[in-house]
Amino acid sequence: MLTDVVEISQITKKITPKRNGDDFAVCWIQNPVKGLEVDDVFYENLSNSIFFLDPKFNWKLYKDDNAFSGYVLYVSKELLNHPTFANLHINQVRLFNQEEIPMFQLSPGIEKRTQAILEMIDELLASHLNHKEDAVLSLLNTFFVYCDGQCNIKSVISTKSNKTSLVYKYKQLVDQHVCTHHNVNFYADQLHISSKYLNDCVQEVLSVSAKSIIVEQLLMRARSALKFSDKTIKEIGFDIGFSSADYFSSFFKKHTGSTPSAVRKS
């Protein structure tokens, strides 16, 4: 069914969170919103833009009122693989790095056409008209063609705050290297800043220490392995960078109050 591969909703609530699932989200923000939060990074005062959000991102839209501000269009990977979209840049958007969120700035004329297309998609999806699937696919194709023709595919969302951008990069580095590097100094060196400045930035943006981000990642991976793998406690500890089972168990109990073996049995 078409509703299984595409869905659209108006941006009207003060908070619009990402819905559960593995679909790509296309956010068209017409009227100004307070901001878009993506993986703890906040991008302020957005309007007249389209954002392509990979399902790997956690995101929320924030507004000051309940007025209409645009649409969120959810499209599945299955839909994007449809032959209709084979030659469009929309399929390249999915290949952007984790650090980048594609952002399209629309000219005033294209903004009006975009609104009309999305309104028709919204209307069709709620209807029982014959051949509505063909009509929706055609409208989606037109929408993506406008994106291809009128927008800079290389443009990415950015934040005016250097500190929030730095913290975002730090969290991604931790995600990539936490199994081999548990020390804040390593990440500060990667970012070409002092560990003190890195900690100050994380504290200001997230209200936690830089070290706690590392600890959180280690505990998350440890809990997952304890619950869903058959590896020994020693093997799990070694996989996430601990040189001995005793060292891993001591770390785990210090931060959770429970031993790894107790968590495994629970």
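Refer to the preceding data block for the structure.
These remarks concern the structure in this document. (Residues numbered from 1 in each chain as written. Predicted model: local features only at pLDDT ≥ 70, side-chain atom pairs only at ≥ 80, totals over all residues. Heavy atoms only, no water.)

**A look at the environment of Ile 50**
Next up, step 1: Here Ile 50 lies in strand S6 (residues 49-53).
Next up, step 2: Taking the relative accessible area as the measure of exposure, Ile 50 reaches 0% and is therefore buried.
Next up, step 3: Dropping the residues within four chain positions of it, Ile 50 is found in contact with Val 26, Cys 27, Trp 28, Pro 102, Met 103, Phe 104, Leu 106, Thr 114, Phe 143 and Cys 147. (Helix = DSSP H or I, 4+ residues; strand = E, 2+ residues; numbered from the N terminus. Buried < 20%, exposed > 50% of the residue type's maximum accessible area, 1.4 Å probe, protein only. Contact = heavy atoms within 4.5 Å.)

**Topic: the environment of Gly 21**
Next up, step 1: Assignment of secondary structure puts Gly 21 in the loop between strand S2 (15-17) and strand S3 (24-29).
Next up, step 2: Classification of Gly 21 by relative accessible area gives partly exposed; the value is 44%.
Next up, step 3: Note: C-alpha distance between Gly 21 and Pro 55 (34 residues apart in sequence) is 7.5 Å.

**Description of unusual backbone geometry**
Next up, step 1: Of note in this structure, Asp 40 is not a glycine but carries a positive phi near 75°.
Next up, step 2: Mapped onto the fold, Asp 40 is located in the loop between strand S4 (33-38) and strand S5 (41-46).
Next up, step 3: In the Ramachandran plot, His 131 falls in the positive-phi region, its phi being about 65° despite a non-glycine side chain.
Next up, step 4: Examined against the element boundaries, His 131 turns out to sit in the loop between helix H3 (108-125) and helix H4 (132-150).

**Observations regarding the pattern of salt bridges**
Next up, step 1: Counted by the stated rule, this structure contains eight salt bridges.
Next up, step 2: When salt bridges with common partners are traced through the structure, they connect Glu 7, Arg 19 and Asp 23 into a single cluster. (Salt bridge = Lys/Arg side-chain N within 4 Å of Asp/Glu carboxyl O.)

**So, the packing of helix H8 (residues 210-228) against helix H10 (residues 245-256)**
Next up, step 1: Where H8 contacts H10, the axes come no closer than 11 Å and their chain directions differ by 110°. Considering their axes alone, H8 and H10 lie roughly perpendicular with respect to each other. Side by side, H8 and H10 meet where Val 215, Leu 218, Leu 219, Ala 222, Arg 223 and Leu 226 of the first sit next to Phe 248, Phe 251, Phe 252, His 255 and Thr 256 of the second.
Next up, step 2: Classifying every residue of the contact of H8 with H10 by side-chain character gives eight nonpolar, two polar and one charged. (Axes fitted to C-alpha atoms, helices over the stretch in contact; angles between N-to-C directions. Parallel < 35°, antiparallel > 145°, perpendicular 65-115°, else oblique. Nonpolar A, V, L, I, M, F, W, Y, C, P; charged D, E, K, R; others polar.)

**Observations concerning the packing of aromatic side chains**
Next up, step 1: Taken as a whole, this structure holds eleven aromatic pairs when the rule is applied.
Next up, step 2: Seen in terms of ring centroids, Phe 242 and Phe 248 are 5.5 Å apart; in terms of plane orientation they differ by 50°. Their pairing is tilted. Taken individually, Phe 242 and Phe 248 each receive the classification buried, so the pair is uniform in this respect.
Next up, step 3: Connected via pairs of aromatic rings, a cluster forms that spans Phe 242, Tyr 247, Phe 248, Phe 251 and Phe 252.
Next up, step 4: Its end group placed over the ring of Tyr 74, Arg 19 keeps NZ or CZ at 4.2 Å from the ring centre. (Phe/Tyr/Trp six-rings, centres within 6.5 Å; stacked < 30°, edge-to-face > 60°. Lys NZ or Arg CZ within 6 Å of the ring centre and 35° of its normal.)

**Points about the sheet that holds S4**
Next up, step 1: Taken together, the four strands give an open sheet; going across it, the order is S2-S7-S4-S5, and neighbouring strands pair in antiparallel fashion. The two strands at the open ends of the sheet, each matched to only one other strand, are S2 and S5. Between one strand axis and the next, the sheet turns by 15° as a mean value, whatever way the strands run.
Next up, step 2: Bridge analysis of S2 against strand S7 (residues 59-62) gives three bridges, and the strand direction is antiparallel. Within S7, the position partnered with Ile 15 by the bridge is Tyr 62. (Pairing = 2+ DSSP bridges.)

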